[in-house]
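# Summary of the model geometry
In case you want the letters, here they are:
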Amino acid sequence: MNVFVAHFTAECNDHVTHDADLGAFNIRHGEEAIDALRVRDIFEEAGFGIIPSIYAALPPAGVIAADAFATIEGEIISDLKAHLDEIDGIYLQLHGASDVRGLECVSGEHALLKRIREIVGEHMPIAVALDPHGNVTAELCSRVNIVRCFRESPHIDTVETWRLVAEKLVDLMLHRRPMHPVLRKLPIAVDGERSMSAYEPLRTINAMLDEAEQDPRVFSSSYHVGYMRHDDDKLGAAIVVVPNTPADRAWCEEIADRVAAYTWEHRDEFTFSGNYAEPADAVRDAVAFAGKTAVITDSGDNCGAGAAGHNTQMLRELLAADLKGKSVLVAGINDPAANEYLGTCKEGEHVSFDLGTGEDVYAEPVHIEGTLKVAGDAQVGSRNGWRVGSSYTVSVDGTGVDVIVLNRNVQYGTMGQFTAAGVEFHDYDIVVVKMGYLDTFLIPETAYHTMALSGGATVQRCEDIQIRRMFRPMWPFDEMDELMLIESC
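Below: a short report on this structure.

The rules behind each value
- Residues numbered from 1 in each chain as written.
- Predicted model: local features only at pLDDT ≥ 70, side-chain atom pairs only at ≥ 80, totals over all residues.
- Heavy atoms only, no water.
- Pairing = 2+ DSSP bridges.
- Helix = DSSP H or I, 4+ residues; strand = E, 2+ residues; numbered from the N terminus.
- Core = buried A, V, L, I, M, F, W, Y, C linked by side-chain atoms within 4.5 Å.
- Buried < 20%, exposed > 50% of the residue type's maximum accessible area, 1.4 Å probe, protein only.
- Phe/Tyr/Trp six-rings, centres within 6.5 Å; stacked < 30°, edge-to-face > 60°.
- Lys NZ or Arg CZ within 6 Å of the ring centre and 35° of its normal.
- Salt bridge = Lys/Arg side-chain N within 4 Å of Asp/Glu carboxyl O.
- 1 Å grid on protein atoms, 1.4 Å probe; cavity = no way out; pocket = protein on both sides within 12 Å on 5 of 7 lines; lining within 4 Å.
- Points joined across faces, edges and corners; volume = space filled by probe spheres on them.
- Nonpolar A, V, L, I, M, F, W, Y, C, P; charged D, E, K, R; others polar.

This part takes up the sheet that holds strand 7 (residues 182–186). The strand order 8-9-7-19 describes an open sheet built from four strands, whose pairing is antiparallel. Both edges of this open sheet fall to strand 8 (218–224) and strand 19 (487–488), since each of them pairs with a single strand only. Alignment of strand 7 against strand 9 (residues 237–243), held across five bridges, turns out to be antiparallel. If you follow Arg184 over to strand 9, its bridge partner there is Ile239.

Turning to the nonpolar core, a few remarks are in order. Among the nonpolar cores identified, the biggest contains 73 residues, and Phe43, Ile64, Ile90, Tyr91, Leu92 and Ile116 are the most heavily contacted of them. Of all the elements, helix 6 (residues 158–174) adds the most residues to this core, at eight residues. Core analysis: the second largest hydrophobic core is formed by 33 residues, Ala282, Ala286, Val330 and Ile430 among them.

Enumeration according to the criterion identifies nine aromatic pairs in this entry. Ring geometry for Phe8 and Phe69: centres 5.7 Å apart, planes at 50°, overall tilted. Of this pair, Phe8 sits in strand 1 (residues 2–9) while Phe69 sits in helix 3 (residues 66–82), and the two are 61 residues apart along the sequence. With respect to class, Phe8 is no different from Phe69; both count as buried. On the basis of an interplanar angle of 20° and a centroid distance of 5.0 Å, the ring pair of Phe289 and Tyr448 is categorised as stacked. With Phe289 in the loop between helix 9 (279–288) and strand 11 (294–298) and Tyr448 in strand 18 (residues 448–452), the pair connects residues that are 159 residues apart, well separated along the chain. According to the relative accessible area criterion, Phe289 is partly exposed, its value standing at 24%. Taking the ring centre of Phe219 as reference, the NZ or CZ of Lys168 above it sits at 4.7 Å. Positioned over the ring face of Trp251 is Arg217, at 4.1 Å from the centre of the ring.

This paragraph deals with the pattern of salt bridges. Counted according to the given criterion, the structure contains 29 salt bridges. Of the charged contacts in the structure, one is a salt bridge between Arg258 and Glu254, with a shortest N-O distance of 3.2 Å. Taken together, the positions of Arg258 and Glu254, both in helix 8 (residues 249–265) and four residues apart, correspond to about one turn of that helix. For Arg258, a relative accessible area of 41% corresponds to the partly exposed category. According to the relative accessible area criterion, Glu254 is partly exposed, its value standing at 40%. Here Asp298 ties to Lys434 by a salt bridge, and the two come within 2.9 Å at their closest N and O atoms. A residue pair is termed long-range when its members are at least 10 positions apart, and Asp298 in strand 11 and Lys434 in the loop between strand 17 (430–433) and strand 18 qualify at 136 residues. With respect to burial, Asp298 and Lys434 carry one shared label: buried. It is possible to trace a salt-bridge network through shared partners that takes in Glu31, Asp35, Arg40 and Glu44.

Another aspect to go through is the pairing of strand 9. Counting buried positions over the seven residues of strand 9 gives seven, a clear majority of the element. Going residue by residue along strand 9, you find Ala237, Ile239, Val241 and Pro243 tucked away on one face and Ala238, Val240 and Val242 tucked away on the opposite face as well. Sheet analysis places strand 8 next to strand 9, joined by six bridges and oriented antiparallel. By the bridge assignment, Ser221 is partnered in strand 9 with Val241.

Before going further, it helps to examine the layout of surface pockets. The calculated volume of the second largest pocket comes to roughly 410 Å³. What lines the second largest pocket is a set of 24 residues, among which His18, Asp19, Asn334, Arg408 and Asn409 lie closest to the centre. Ranked by residues supplied to the lining of the second largest pocket, first place goes to strand 15 (residues 386–396) with three residues. Tallied by class, residues from the lining of the second largest pocket come to ten nonpolar, nine polar and five charged.

This is the structure in structure tokens:
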């Protein structure tokens with residue numbers, strides 16, 4: 001038997017002004033694509049041949065350009081058609097939060113799955129691994145047999161989930177039977193910063209799902225937080241439980257209803273966790289912390305949710321504050337013009353420039369007089385990072401502030417990214433990064449963390465976001481007492 005595999009992931013924020021073109025994707029083909037999926041051994045040990053299509057991963061960004069998606073979708077569909085007579089099952093790693101310019105249904109994943117199912121027919125096994133911060137609907141569930149997302153946020157179980165879904169698909173391909181997901185879509189729309197898996201209510205929700213998966217009647221189960229950084233009729237959380245056999249459906253519906261009821265009853269617990277404050281107060285609190293290294297997350301400019309990374313709000317707060325001799329690194333600010341200017345300068349040279357694109361009040365330019373400390377590379381990727389541009393670290397005259405100047409949005413979340421830029425995380429008392437909750441790999445390095453409730457494309461007060469296409473009423477946008485499911489299947 002042969003399995004067809006592909007990867008298309010993108011988390012798109014339509015409040016970002018720049019579209020993502022094909023060059024913004026990490027693209028791999030052939031054997032490299034198979035290796036990037038991290039599931040080769042599972043299929044090969046089952047005796048399956050692997051037919052790869054494209055591996056296309058976009059770091060969180062703005063809307064995907066139409067021609068970029070057309071290329072990725074076209075390659076997957078072309079490969080599928082070319083090998084249709086050889087394929088016994090389909091394995092896909094998707095996200096659930098893409099937004100394609102000009103696409104009527106908004107979501108690239110939903111459009112892609114529609115085309116795939118039309119081509120392969122009603123009964124071909126299709127398994128999909130998703131990010132919990134993606135939108136799931138009854139329509140999507142009707143087109144796949146297995147759908148499972150990561151449990152953890154931050155996503156420490158990404159590869160584990162990819163491999164679990166691959167194992168589930170092997171089981172289904174070796175023991176073919178009808179398999180159709182049960183879905184309960186909830187009128188709850190909150191961001192990841194209010195739904196971290198270490199805290200309630202998601203901790204208990206995940207425990208309920210873990211317990212459910214111990215039952216042989218339950219093939220898989222997951223809670224999908226959803227995504228709300230672009231206007232879409234698919235918004236809202238979802239519970240998906242996949243029955244092992246058709247006879248197990250009633251039991252899985254009971255589990256889905258039980259988890260839905262618990263989630264609704266505990267919806268007020270979807271709140272910010274840990275330390276958080278207005279920008280000036282976040283700076284004050286980080287300065288007051290006696291140890292190192294303290295981290296301030298610039299949550300309104302969270303590159304991990306697609307923001308452009310160009311806001312200067314936190315830099316301005318730092319330059320206006322009494323830092324009490326503390327050393328600070330701002331990692332980093334995306335300004336292509338400033339980055340290009342610094343590319344003409346030498347390390348150790350005095351520099352004078354304006355930093356900030358001026359696209360809105362949050363990206364207001366700041367005049368910088370300083371020294372080019374080091375030139376380096378901008379990297380993305382949680383493990384084996386890849387270079388996406390240049391970085392220049394400037395020490396601002398008369399302050400303890402260094403700032404990394406970039407030519408694209410980068411979320412600094414790993415020690416390797418700082419090293420690639422030519423700086424060391426623990427050389428600083430305070431580091432400002434463009435994220436909301438701490439990245440998985442930054443947590444063990446951080447002695448103190450506070451989330452600055454800054455403004456911008458990823459403002460954390462989600463009730464203030466204008467979303468017109470979503471189901472209403474929707475909590476917390478609307479006052480609601482009774483649970484009204486958006487849809488179920």
